[in-house]
Amino acid sequence: MKLETSFTQTMESMIDLQLQQLGLPEQLRPVVLDFFEKYMGWEGLKDDLAEIYASAFTAAELNEITSFYETPVGQKVAESLP
């Protein structure tokens, strides 16, 4: 599902929007990105997301989902969803 990529892009978009809305200088972007990556980044949250999926789906269902996302249509879905 390309969750890591989607998660990172979403986080960067949120940060850019907040900097713009608050009128903060663009120079702060790398600092804010580093902060969020450290405390709320993919590495810190992926285990929690895995637990959520594991509690919602059986192992067999997760295997089916994985198989789907390995297909060309599954890849298209992963790239098309926000």
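Since the model is a prediction, treat every value here as computed from it, not as a measurement. The residue count restarts for each chain, going from 1 along the sequence in the order it is written. The predicted nature of this model means local features are confined to residues of pLDDT at least 70 and side-chain atom pairs, given and counted, to a pLDDT of 80 or more, with totals for whole chains, interfaces and linings taken over all residues. Excluded from the side-chain calculations are hydrogens and water; all other atoms, namely the structure's heavy atoms, are used.

> Mind showing me how you'd approach the overall build of the protein chain here?
Secondary structure is summarised from DSSP: a helix means a run of H or I of at least four residues, a strand means a run of E of at least two, and numbering begins at the N terminus for each. Tallying secondary structure elements over the protein chain gives five helices and zero strands in all. Order of helices (α) and strands (β) in the protein chain, N terminus to C terminus: α-α-α-α-α. Over its C-alpha atoms the protein chain spans a radius of gyration of 16 Å, topping by over 25% the 12 Å that the globule rule assigns to 82 residues. Each of the three principal axes of the protein chain carries a C-alpha extent, and together these read 50 × 25 × 15 Å. By the burial criterion, 12% of the 82 residues in the protein chain qualify as buried. Contacts: residue pairs with any heavy atoms within 4.5 Å of one another. Here the contacts in the protein chain between residues at least 6 apart in sequence split such that 47% fall between residues at least 24 apart. Counting every atom, the protein chain has about 6,400 Å² of accessible surface; 61% of that belongs to carbon and sulfur. Restricting the calculation to C-alpha atoms gives the radius of gyration, and the globule rule supplies 2.2 Å times the number of residues raised to the power 0.38. A simple rule labels every residue: compare its accessible area, found with a 1.4 Å probe on the protein chains alone, to the largest value its type can have, and call it buried under 20%, exposed over 50%, or partly exposed in between. All accessible-area figures derive from a Shrake-Rupley calculation using a 1.4 Å probe, and residue coverage is judged against the displayed protein chains alone.

> How should a nonpolar patch on the surface be read in this particular structure?
Exposure above 30% relative accessible area and no salt bridge define the residues that can form patches, which grow by joining like charges within 9 Å and nonpolar side chains of Val, Leu, Ile, Met, Phe, Trp and Tyr within 5 Å. Think of a salt bridge as a Lys or Arg side-chain nitrogen and an Asp or Glu carboxyl oxygen that are within 4 Å of each other. A cluster of nonpolar side chains, L22, L24, L28 and V31, forms an exposed patch at the surface whose accessible area comes to about 350 Å². With respect to the helices and strands, L24 occurs in the loop between α1 (3-22) and α2 (29-40). Classification of L24 by relative accessible area gives partly exposed; the value is 38%.

> Help me understand the confidence of the model for the protein chain, please; the structure alone is not making it clear to me.
Residues shown with low pLDDT carry predicted positions that ought not to be read at fine detail. One confidence number per residue, pLDDT, is output by the predictor and ranges from 0 to 100. On average, residues of the protein chain carry a pLDDT of 90, and 98% of them reach 70 or more. For the protein chain, the element scoring lowest by mean pLDDT is α1, at 88; helix α4 (residues 59-69) scores highest, at 95.

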